[in-house]
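Residues per chain, in single letters:
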Amino acid sequence: MLKPDQGLPMPLILVLSVMAGISVANIYYCQPLLNMICEETGLSTFEVNLMPVFTQVGYALGLLFIIPMGDLYNRRKTILASFSAVVISLLVIYASDSTSLLLGASFVTGFCSVSPQVFIPFVSLFAKPDQKERKVGIVLSGLLVGILASRVVSGYVGHLMGWRSMYLIAAVIMALSALIILRIFPNVEPTYQGTFGSLMKSFTKLLKDHPRSLHYSIRSSFAFGSMLGLWACLAFRMKEAPFFADSDTVGMLALCGVAGALTASNVGKYIPRYGVERINGIGASLMVLSWIIMYLFQNTYTGMIAGIIIIDIGMQCIQLSNQSATMRLCPEATSRMNTIYMVTYFIGGSFGTFLAGSLWSLYGWSGTVAAGFGMILVSIIITMMHRNLKN
């Protein structure tokens, strides 16, 4: 029987890391395929860009309503139900001939792809105190590799087999993943005694008792919106001069961002030594630098690749430092604290995607850069304002 702070075996951590990557990949497969979807459906770039927006809004709402169940219900049953629903929604996208059905299924896919955010508080709760950041970092590494690898895989699959094939393959992978979870995920008693209604009301008390959670969450959300703004418009940018690139090239660019994922497990061990604020500041500075590079050298592969690598490293520094700090504020309510963080996080991501897509339609790449730079600048301002209030 697992007990809080008593430790988790590394093989389980590694499997959860892989499952996290596979699950979260579902909400990012569409990004390198947006041009192909646009051409087949006849929709405008703005309309097609609603597909990732719907997915991210669904993810944010899934975080709000599904993740708290990790404190109230059996985690394994919650994960299996979510995986099953995702299999169905992916098959609907694969077979869809209707724009409304496509967007509706994208919403459901996002809503039910939140299982990695069940894994993270689970690991944070049961890992030994001196291993929490390290092991959460491993799961986050898998999550970020899944985000980035999903773009690589979908770019190539879309180029070779068409965009619909990617969703059929994803449905099969999720069905197999559900069988793995059924076999390896431990049965753990819930940590919250009460009804779902009282559980949702408890968020107000958590925010009141731990106001720093909102600070960590909001500044991270603007940073995440900055990064997603890049990926929302990268396929459109690479389709233009001087690149004239297809979806497989966009997918390969995502592979460059794996460098960011590989930093995750290493960043975790530095947080206790250097502190949340310093690691967050490093991440924000790297993201500012990345947007400057991608504006000044926007017509070169070197500039775009450098910007992608740097922005992913910066984002990982921000996410791991702020997310682990949020969950440490109230260890007995890790799922709910993680919900506060991640719902805010993906609201920012959805807004960044929408803003960058809107400005792309009006001003092209310069508009996208303005959106991304502006979002990370707001994150930095929030940090500075909080620091001044403390002083």
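The coordinates are above.
Below: a short report on this structure. Quick caveat: nothing in here was measured; it's all calculated off a predicted structure. (Residues numbered from 1 in each chain as written. Predicted model: local features only at pLDDT ≥ 70, side-chain atom pairs only at ≥ 80, totals over all residues. Heavy atoms only, no water.)

Glancing now at the packing of helix 1 (residues 10-25) against helix 10 (residues 163-184). Packing of helix 1 against helix 10 leaves a shortest axis separation of 11 Å and a crossing angle of 155°. What the angle tells us is that helix 1 and helix 10 run roughly antiparallel. The way helix 1 lies across helix 10 gives a crossing that is left-handed. When helix 1 is examined against helix 10, the residues Leu12, Val15, Met19, Ile22 and Ser23 are found in contact with a partner set consisting of Ile173, Met174, Ser177, Ile180, Ile181 and Ile184. Within the contact of helix 1 with helix 10, the residues separate by chemical class into 9 nonpolar, 2 polar and no charged. (Axes fitted to C-alpha atoms, helices over the stretch in contact; angles between N-to-C directions. Helix = DSSP H or I, 4+ residues; strand = E, 2+ residues; numbered from the N terminus. Parallel < 35°, antiparallel > 145°, perpendicular 65-115°, else oblique. Left-handed = near helix turned anticlockwise from the far one by under 90°. Contact = heavy atoms within 4.5 Å. Nonpolar A, V, L, I, M, F, W, Y, C, P; charged D, E, K, R; others polar.)

With an omega of 0°, the peptide bond between Ala241 and Pro242 qualifies as cis. For Pro242, the position within the fold is in the loop between helix 12 (212-239) and helix 13 (247-256). In this structure, Phe244 is a non-glycine residue whose phi angle is positive, near 50°. Structurally, Phe244 is set in the loop between helix 12 and helix 13.

Here the focus is the state of the cysteines. Here the structure, examined in full by the defined rule, presents 0 disulfides. The cysteine Cys30 is free of any disulfide, with Cys233 supplying the nearest cysteine sulfur at 12 Å. (Disulfide = S-S within 2.5 Å.)

Bringing the nonpolar core into the picture now. In terms of nonpolar packing, the biggest core is built from 121 residues, with Phe119, Phe122, Val123, Tyr167, Leu230, Leu234 and Phe346 touching the most fellow members. The element contributing the most residues to this core is helix 12, with 13 residues. Contact partners of Tyr167, with chain neighbours within four places excluded, come to Tyr29, Cys30, Leu33, Met51, Leu90, Ile93 and Tyr94. (Core = buried A, V, L, I, M, F, W, Y, C linked by side-chain atoms within 4.5 Å. Buried < 20%, exposed > 50% of the residue type's maximum accessible area, 1.4 Å probe, protein only.)

A side chain with one charge can pair with a side chain of the opposite charge if their charged atoms come near. Scanning the entire structure with this criterion turns up 5 salt bridges. Of the charged contacts, one joins Arg219 and Glu277 as a salt bridge, the two residues approaching to 2.8 Å between their closest N and O atoms. Of this pair, Arg219 sits in helix 12 while Glu277 sits in helix 16 (residues 276-296), and the two are 58 residues apart along the sequence. Overall, the relative accessible area of 0% leaves Arg219 in the buried class. Close ionic contact of Asp246 with Lys239 constitutes a salt bridge, the shortest N to O distance being 3.7 Å. Since its relative accessible area comes to 34%, Lys239 is described here as partly exposed. (Salt bridge = Lys/Arg side-chain N within 4 Å of Asp/Glu carboxyl O.)

Take helix 7 (residues 99-112) next. Taking 1.5 Å of rise per residue, the 14 residues of helix 7 would be expected to cover 20 Å, and the 20 Å separating its terminal C-alpha atoms lies within 8% of that figure. Of all the positions in helix 7, only Leu102, Leu103, Ala105, Ser106, Thr109, Gly110 and Cys112 are classed as buried. The secondary structure elements touched by the buried residues of helix 7 are helix 2 (34-41), helix 4 (50-65), helix 6 (75-95) and helix 10. (Expected span 1.5 Å × (residues − 1).)

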